[in-house]
Amino acid sequence: MNTTNPLILLIATIFTHNIALVYILGMCPFIVISKNFKTALGMGAAIIFVVTLTAIINWPIYWLILVPAHAEIVSYLIFIIVIAATVQLLEMLIEKFFPPLQSSFGIFLPLITVNCIVLAVLLFMVLRKYDFIQTIFYSVGTSAGWALAIIIMAAIKEKMMLVSDIPKGLRGAGITMIIAGLLAFAFMGFAGMITLQ
Amino acid sequence: MTAILIMNVILVVIAILLVIAEKYLVTYGDCRITINKEKILTVNGGDNLLSYFAQNKIFVPSACGGKATCGYCKVEVLSGGGSILPTEEVFISAKDRLKGVRLACQVKVKNDIEVLISPELLSAQEYKAAVVKILDLTSDIKHVFLKLEEPSSISFKPGQYVQFKIPETDEFRAYSVASQPSQNNTIDLVVRLVPNGMCSSYIHEVLDINDKIALTGPFGDFYLREDSDKDIICIGGGCGMAPIRSILLHLKEKNMPRKVTYFFGARSKKDLFFTEELFKLSKEFPNFKYVPALSEPKPQDSWRGETGLITQVVERTVIGNAHTEAYLCGPPPMIDASIAVLTKKGIEEIYIYYDKF
């Protein structure tokens, strides 16, 4: 088993091992849905929720069902199916019992089903042999790190819309890639503080 | 072997869970959609307003097919629609938000709901038509002649548009009618080939004479105001020619009772079309003047008419007059620039009618 302190995992995944800016994962919504600060907040909240929940559900399925039965080979399929079903269920629950939440973050849920960081967290969890507590801290940290990255991106882009005169050819995805690159450089400042295994 | 067995067991458990959840969580029962306080549709809730409208043959225009990217399917929701979604915010101005304007494709029907739609939409119909003729107007614009079969006549105001249903899909695209209303069993469309455009490529590359197609309409609040006697300025660009041609042909039948000036902007001579027809019209009626302008005339064009952007030409030649109304149709930047020029010339903004596409 992995012996990393859960709190160190939390800090590492937000700063030194940020999944968006260091691992370059979860790029599609990071590029596309980062136009508006409020939307980025909703998306960030939704991803923290879904990543943590699917990690909590999939950890016992993997370690308590698949591993004892030597059925690790189907883990990818199971993970993907469980993610899809969880998101579907979550959407129904939110719509039924928390209608105000539906408009602020429920509409992002279907977009997250196919987000690669949801799967990536589960695969890292298996690869690095995290125990249950570590998995919770790892998934919260990773998704919060991603949320932080998209919120920074949205804030920068919103400000740029108002003040800067972006060359025509760079508008849209072009300038977003450049900002993402600069952000990744900035996050390199944290590198080396913590090593994860 | 065990792996497959385990996977199947997990799948079955998930499937059962979802079925149970759906049964107990997603039940809205019968919902009533009250339209304009008179017409009531009773539907089994869960889907969006736009699809219920379509099922009940109410043709609310939509060009994107419910993806919240075109912003055409605006309706006023008086009650029961919940609050506006972030996906809609781009399309709905602050003023409209207060009135309750929403995109029909984004409003999920979960309870009784009350909406206002413009009465003309209730009168819009589906038409079956056949293609009679297709002509090339320029290298990328075609003139499509359609004959209505079922119902066999249409009544519309000059300037309005119809929606062309792309065969074998549920997608619609809007095209202005280029023919005059008196010719009520045929419809002409002017279609520019949009790169990667689904419908325009279909019309340009697949559509052939005698093909049967479906249209819905008429739609739009861009049409000739016939109760006015003001002078008219028309400004068009590209296939913005279509609705203006309809207006001009209609006025021609009325013997051109009002003074009309038509500015048409194009890049070079090969982008001009209907030129002979329009100059003939201007010879026939001294009240009508056609001013084509080229922004990038080529040397071989030997162009002697106006040059420059159409807005610059308008700025140079139009003399301001409050007794004037304007009809603009073309790409959004052209419209915005034209509105700025015209208001500077003293034309009141409420008398500037436009159709952006």
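About the cut-offs
- Residues numbered from 1 in each chain as written.
- Chains lettered and ligands numbered in written order.
- Predicted model: local features only at pLDDT ≥ 70, side-chain atom pairs only at ≥ 80, totals over all residues.
- Heavy atoms only, no water.
- pLDDT = per-residue confidence, 0-100.
- Axes fitted to C-alpha atoms, helices over the stretch in contact; angles between N-to-C directions.
- Helix = DSSP H or I, 4+ residues; strand = E, 2+ residues; numbered from the N terminus.
- Parallel < 35°, antiparallel > 145°, perpendicular 65-115°, else oblique.
- Contact = heavy atoms within 4.5 Å.
- Pairing = 2+ DSSP bridges.
- Disulfide = S-S within 2.5 Å.
- Buried < 20%, exposed > 50% of the residue type's maximum accessible area, 1.4 Å probe, protein only.
- Salt bridge = Lys/Arg side-chain N within 4 Å of Asp/Glu carboxyl O.
- Patch = residues over 30% accessible without salt bridge, like charges linked within 9 Å, V, L, I, M, F, W, Y side chains within 5 Å.
- Areas by Shrake-Rupley, 256 points an atom, 1.4 Å probe, with all protein chains shown as cover.
- Buried area = accessible area lost by both parts, 1.4 Å probe.
- Polar contact = N/O pair within 3.5 Å; in protein donor to acceptor, adjacent residues only side chain to side chain.
- Core = buried A, V, L, I, M, F, W, Y, C linked by side-chain atoms within 4.5 Å.

**Some points on the confidence of the model for chain B**
Then, number 1: Per-chain confidence: chain B averages 86 in pLDDT, with 99% of residues scoring 70 or above.
Then, number 2: Scoring the predicted complex yields pTM 0.57 and, for the interface, ipTM 0.72.

**Some points on the packing of helix H9 (residues 310–317) of chain B against helix H10 (residues 332–344) of chain B**
Helices that pack against each other are described as a pair by the angle of their axes relative to one another and the distance between those axes.
Residues and elements named next belong to chain B.
Then, number 1: Where H9 contacts H10, the two axes come as close as 9 Å, and the packing angle between them is 10 degrees. As summarised for this structure, H9 and H10 are arranged roughly parallel, according to the angle between their axes. Contacts from Ile 310, Thr 311, Val 314 and Glu 315 in H9 reach Met 334, Ala 337, Ser 338, Val 341, Leu 342 and Lys 344 in H10.

**Considerations on the sheet that holds strand S4 (residues 101–103) of chain B**
Backbone hydrogen bonds hold the strands of a sheet together, and the pairing may be parallel or antiparallel.
Residue and element names in this part refer to chain B.
Then, number 1: If you trace the five strands from one edge of the open sheet to the other, you get S2-S1-S5-S3-S4, paired in mixed fashion. Two strands lie at the open edges of the sheet, namely strand S2 (39–44) and S4, each paired on one side alone. Going across the sheet, the axis of each strand differs from the next one's by a mean of 40 degrees, ignoring polarity.
Then, number 2: When strand S3 (residues 74–79) meets S4, the two strands line up antiparallel, connected through three bridges. Note on S4: the bridge partner recorded for Lys 74 is Leu 103.

**So, the confidence of the model for chain A**
Then, number 1: The predicted model of chain A averages 87 in pLDDT, with 96% of residues at 70 or higher.
Then, number 2: Element-level pLDDT for chain A is lowest in helix H5 (residues 99–104) of chain A, with a mean of 70, against a maximum mean of 93 in helix H8 (residues 132–163) of chain A.

**Quick word on the state of the cysteines**
All names here are of chain A.
Then, number 1: In total, this model carries zero disulfides over all chains according to the counting rule given.
Then, number 2: Distance from the sulfur of Cys 28, which forms no disulfide, to the nearest cysteine sulfur (Cys 116) is 5.5 Å.
Then, number 3: Its relative accessible area of 56% is what places Cys 28 among the exposed residues.

**Side note on the pattern of salt bridges**
All names here are of chain B.
Then, number 1: In the structure shown here, the tally under the stated rule is 15 salt bridges over all chains.
Then, number 2: Arg 192 is paired through a salt bridge with Asp 140; the nearest N and O atoms lie 3.7 Å apart. Taken together, the positions of Arg 192 in strand S10 (residues 186–192) and Asp 140 in the loop between strand S6 (125–136) and strand S7 (141–150) put the pair 52 residues apart, joining distant regions of the chain.
Then, number 3: Taking the relative accessible area as the measure of exposure, Arg 192 reaches 35% and is therefore partly exposed.

**A look at a nonpolar patch on the surface**
All names here are of chain A.
Then, number 1: A cluster of nonpolar side chains, Leu 93, Phe 97, Phe 98 and Leu 101, forms an exposed patch at the surface whose accessible area comes to about 370 Å².
Then, number 2: As for its placement among the helices and strands, Leu 93 is situated in helix H4 (residues 75–97).
Then, number 3: The class of Leu 93 is partly exposed, set by a relative accessible area of 34%.

**Digging into the interface of chain B and chain A**
Then, number 1: The interface is formed by 21 residues belonging to chain B together with 22 residues belonging to chain A.
Then, number 2: Together, the buried faces of chain B and chain A total about 1,800 Å²; carbon and sulfur atoms form 79% of this surface.
Then, number 3: For the interface between chain B and chain A, the tally reads zero salt bridges.
Then, number 4: In this structure, the connection of chain B to chain A is made through zero residue pairs in polar contact (both at pLDDT 80 or more).
Then, number 5: It is helix H1 (residues 2–25) of chain B that provides the largest number of residues to the side of chain B that touches chain A, a total of twelve residues.

**Notes on the nonpolar core**
Then, number 1: By size, the foremost hydrophobic cluster in this structure holds 63 residues, and its most contacted members are Leu 21, Phe 30, Leu 66, Ile 78 and Trp 146 of chain A.
Then, number 2: Here the element with the most residues in this core is helix H3 (residues 37–66) of chain A; it accounts for twelve residues.
Then, number 3: The contacts of Trp 146 of chain A, once residues within four sequence positions are left out, are Asn 18, Ile 19, Ala 20, Leu 25, Gly 26, Pro 29, Phe 30, Met 43, Ile 47, Asn 115 and Ile 117 of chain A.
Then, number 4: Among the nonpolar cores identified, the runner-up in size contains 31 residues, and Ile 141, Ala 242, Leu 248 and Phe 264 of chain B belong to it.

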